[in-house]
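# Fold and geometry: a report
Next come the chains, spelled out residue by residue.
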Amino acid sequence: MIPAAGHFARDKRGATIVEFAIVAPVMALMLLGGFDTAHSLYMRAVLQGIVQKTARDATLETATDTDAQDALDTKVKVQVKAIANNADIAITRRFYRTFSDAAAAKAETWTDTNKDGKCDNGEPFEDDNNNGVWDADGGDAGQGGAKDRTLYTVSVSYPRFFPLYRIIGGSSTTRISASTILENQPYSDQGNYSAPTVGYCNP
């Protein structure tokens, strides 16, 4: 005997399985997103701590030597790779005369003759630090000298640990960076730049 249609309408057996099948994918997606975000935040916090410690060590008089800076950078890479062993790590140092210069990160003045918003095609610029190149951030490469303010930046990229990007079509790579500005020890008088000269932007 075939049950009446009304019997099927009132039958709730298996409803939990159906509800779970609907909710489970959404919950899994939310969990993956939460794990991915939490890991990125953890990496960012750890990286900031590493950068702060290394930057303080780099401001010591004994750390202005290139070999000492390379050793500090190696320590940073080892600590980062202990958390993400397949990470690509880029480290930069830029120094400024004052904290306000570092905060402003203002490009050296140039004459934009072709109105393209770029310093190119041999356009003249005011070389404030006399390093022969146009600096978009107004800084100079390296650790600098006594009393200079150094911007130390570490950028890290690595494949995502959770396959969330495959589901939502996002990037497969996580990119984070940390930076800090500290003053080098006053082990001598701060150096001075000579008067600005005129330079010419690369083609």
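Note that the coordinates shown come from a computational prediction; the quantities given were computed from them, not determined experimentally.

What the four strands build is an open sheet, ordered 3-1-4-5; its pairing is antiparallel. Single-partner strands in this sheet number two, and they are strand 3 (140–141) and strand 5 (173–183). Each of strand 1 (88–96), strand 4 (149–159) and strand 5 is contacted by helix 2 (residues 15–58), which is oriented at about 30 degrees to strand 5, the strand it contacts most. The strands touched by helix 3 (residues 66–81) within the sheet are strand 1 and strand 4, with strand 1 carrying the most contacts at an inclination of about 140 degrees.

Turning to helix 3, a few remarks are in order. The terminal C-alpha atoms of helix 3 lie 22 Å apart, and with 16 residues this matches the ideal 22 Å at 1.5 Å per residue to within 8%. Among the residues of helix 3, those classed as buried are Gln69, Leu72, Asp73, Val76 and Val80. In an axial view of helix 3, the angular spread of the buried residues amounts to 100 degrees, which keeps them on one side of the axis. In helix 3, those exposed residues whose orientation departs by more than 90 degrees from the buried face are Asp67 and Val78. Where helix 3 is buried, its residues contact helix 2, strand 1 and strand 4. Of the residues that open helix 3, the one with a side-chain oxygen 3.0 Å from the backbone nitrogen of Asp67 is Asp65.

The rules behind these values
- Residues numbered from 1 in each chain as written.
- Predicted model: local features only at pLDDT ≥ 70, side-chain atom pairs only at ≥ 80, totals over all residues.
- Heavy atoms only, no water.
- Pairing = 2+ DSSP bridges.
- Helix = DSSP H or I, 4+ residues; strand = E, 2+ residues; numbered from the N terminus.
- Contact = heavy atoms within 4.5 Å.
- Axes fitted to C-alpha atoms, helices over the stretch in contact; angles between N-to-C directions.
- Expected span 1.5 Å × (residues − 1).
- Buried < 20%, exposed > 50% of the residue type's maximum accessible area, 1.4 Å probe, protein only.
- Arc of directions from axis to C-beta.
- Polar contact = N/O pair within 3.5 Å; in protein donor to acceptor, adjacent residues only side chain to side chain.

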